Amino acid sequence: MKYSIDSIKKSRVVVIVLWLVYASAYFGRTCYSAAIASIVSNGIYSKADIGIVGTVFFVCYGVGQIVNGILGDRVNPFKMVLCGALLSSICCISIAFANSIAAMSFIWGANGIFQSMLWSPLLRIYSETINEKLRHKAVLNIALSLPVGTICSYLVSTLIIKYFSFKYVFISGGIAVFTAFSIAFICFLSIRKSIVKERKTVQLSAADQKPEKTNIRNIILLSGLLAILVPSFLHGMMRDGITNWVPTMITEVYGVSPSLSTFLTIALPVFNAFGAYAVTPLYKKLGENEMKTAGVTAAIALVPMLLLMLIGKVPVFAVVLLLALTTASMYALNYLIISRVPVRFASYSCTSSISGILNSFAYIGCSVSVYGFGAVSQKMGWTAVIIIWIVSGVLTSAFAFISNKKWKKFIS
């Protein structure tokens, strides 16, 4: 079933509300990384232990992305978003009362499953449902919700960690997600009569009028999506892995307090906010080719990553700036791979499924980094972690260019 809203005014309301829901969701999930430095410094759990909880979240989120991505093409996407937001808010509040790694892992893993119900149906609504005139800007602007949600999370967490227990960080995240859910529920309820339901029809070009080409397996092979999964995995590993461990890195290398390191980390999402917008001119110059642009972007990101080898020898603010430039590049890649690539499959009516597959690999990468970076830093130091980032950057660029051979034919 296909859902559509022709009204520009009501489509714009949907765009804004969904933006708010996803920003609040990022607020909720980032609360964990914002609280890590405080938890570790208080000696409550070790870095390896606390990394397990983050890993469970990302594994559950990654697996959930595949399941909910496919489901998002088959059920009402509005109901999926509402269900995911409500259940996620409950998990965010519940983890504040967990008193063991096992309990935290269970609750945060459940949160990963529920949060995986948001992105794919949201992108389906943006690419298929809202008024066509708003689709391009909506897909671009949704990228801004990630860093904005992260900035809000770090600002709130900085104040809470300084004056209260880190547990209140999770409660604040749960309240934020529940508030966004409430607004979305009221909005969707008020416009439900304007949402037109119709049976899906796959629109193919004359050259592609072959039944077998509508099969998702063949679409994946034709588009070169298998090769795109590698940069999806690697950029996800660096994007959230760096963000999760930066406060702890700064605290350990430069000896600053957890609250100050969390505050300094706000520089990352501020830069990240401009990642998608900064890469747009390059994207247009390279013929609006997502993978070619991703290859160039990943190569550019190697410059600040190489300079990070000077960590401990240069001022903390310089390191924060280099980290911010690195993560901004990762968010640019996120826009290209996670936001733009799935939209190319809208005419095949499988935007949500492709989005789920790509996002799943990105968050499998995140799950590796959340535990792996903490474990590596504990045994070999932060320089070893930075070397892993550099190697990952090289591979991301290489596989983006490799995937471009089929991709440019698919989008032409």
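Draft legend 1. Region of the structure containing the overall build of the protein. Helices and strands together make up the secondary structure of the protein, namely 17 helices and two strands. Relative to the compact-globule value of 22 Å for 412 residues, the protein shows a C-alpha radius of gyration of 20 Å, a close match. Taken along the three principal axes of its C-alpha coordinates, the protein extends 65 × 45 × 35 Å. Counting all 412 residues of the protein, 59% fall into the buried class. Considering only contacts within the protein whose residues lie at least 6 apart along the sequence, 85% involve residues at least 24 apart. Split by element, the accessible area of the protein, about 16,100 Å² in all, is 69% carbon and sulfur.

Draft legend 2. Molecular detail of a nonpolar patch on the surface. Nonpolar side chains collect at one region of the surface, where Val59, Val63, Ile66, Val67 and Ile70 lie side by side and expose about 370 Å² of accessible area between them. Assignment of secondary structure puts Val67 in helix H2 (residues 47–72).

Draft legend 3. View of helix H8 (residues 167–191). Between its first and last C-alpha, H8 extends 37 Å over 25 residues, near the 36 Å set by a 1.5 Å rise per residue. Looking only at H8, the buried set comprises Val169, Phe170, Ser172, Gly173, Gly174, Val177, Ala180, Phe181, Ala184, Cys187, Phe188 and Ile191.

Draft legend 4. Local environment of the side chain of Asn272. Within the element layout of this structure, Asn272 appears in helix H12 (residues 267–272). At 2.8 Å, the side chain of Asn272 and the side chain of Thr327 are in polar contact. Apart from the residues within four sequence positions on either side, Asn272 is in contact with Pro147, Ala324, Thr327, Ala328 and Tyr331.

Draft legend 5. Layout of the environment of Ser397. Tracing the backbone shows Ser397 in helix H17 (residues 382–411). Accessibility expressed as a relative area gives 10% for Ser397, which makes it buried. Separated by 99 residues in sequence, Ser397 and Ala298 place their C-alpha atoms 5.0 Å apart. If we ignore the near neighbours within four places in the chain, the residues touching Ser397 are Gly295, Ala298 and Ala299.

Draft legend 6. Broad picture of the packing of aromatic side chains. Under the definition given, this model contains 16 aromatic pairs. Pairing Phe373 with Trp389 gives two aromatic rings, centres 5.9 Å apart and planes at 65°, and the pair type is edge-to-face. With Phe373 in helix H16 (residues 351–380) and Trp389 in helix H17, the pair connects residues that are 16 residues apart, well separated along the chain. Through successive ring pairs, a cluster of aromatic residues spans Tyr32, Phe57, Tyr61, Trp108, Phe170 and Tyr363.

Draft legend 7. Just the pattern of salt bridges, in detail. In total, this model carries two salt bridges according to the counting rule given. Of the charged contacts, one joins Arg124 and Glu128 as a salt bridge, the two residues approaching to 3.5 Å between their closest N and O atoms. Of this pair, Arg124 and Glu128 both sit in helix H5 (residues 119–129), separated by four residues, roughly a single helical turn. On the basis of relative accessible area, Arg124 is assigned to the buried category, the value being 0%. You can call Glu128 buried: its relative accessible area is 5%. Here Glu290 and Arg344 are joined by a salt bridge, their closest N and O atoms 3.0 Å apart. Here Glu290, found in helix H14 (residues 290–307), pairs with Arg344, found in the loop between helix H15 (316–343) and H16; they are 54 residues apart in sequence, far enough to count as distant. Residue classification places Glu290 among the buried positions, given a relative accessible area of 0%.

What counts as what
- Residues numbered from 1 in each chain as written.
- Predicted model: local features only at pLDDT ≥ 70, side-chain atom pairs only at ≥ 80, totals over all residues.
- Heavy atoms only, no water.
- Helix = DSSP H or I, 4+ residues; strand = E, 2+ residues; numbered from the N terminus.
- Rg over C-alpha atoms; globule rule 2.2 N^0.38 Å.
- Buried < 20%, exposed > 50% of the residue type's maximum accessible area, 1.4 Å probe, protein only.
- Contact = heavy atoms within 4.5 Å.
- Areas by Shrake-Rupley, 256 points an atom, 1.4 Å probe, with all protein chains shown as cover.
- Patch = residues over 30% accessible without salt bridge, like charges linked within 9 Å, V, L, I, M, F, W, Y side chains within 5 Å.
- Salt bridge = Lys/Arg side-chain N within 4 Å of Asp/Glu carboxyl O.
- Expected span 1.5 Å × (residues − 1).
- Polar contact = N/O pair within 3.5 Å; in protein donor to acceptor, adjacent residues only side chain to side chain.
- Phe/Tyr/Trp six-rings, centres within 6.5 Å; stacked < 30°, edge-to-face > 60°.

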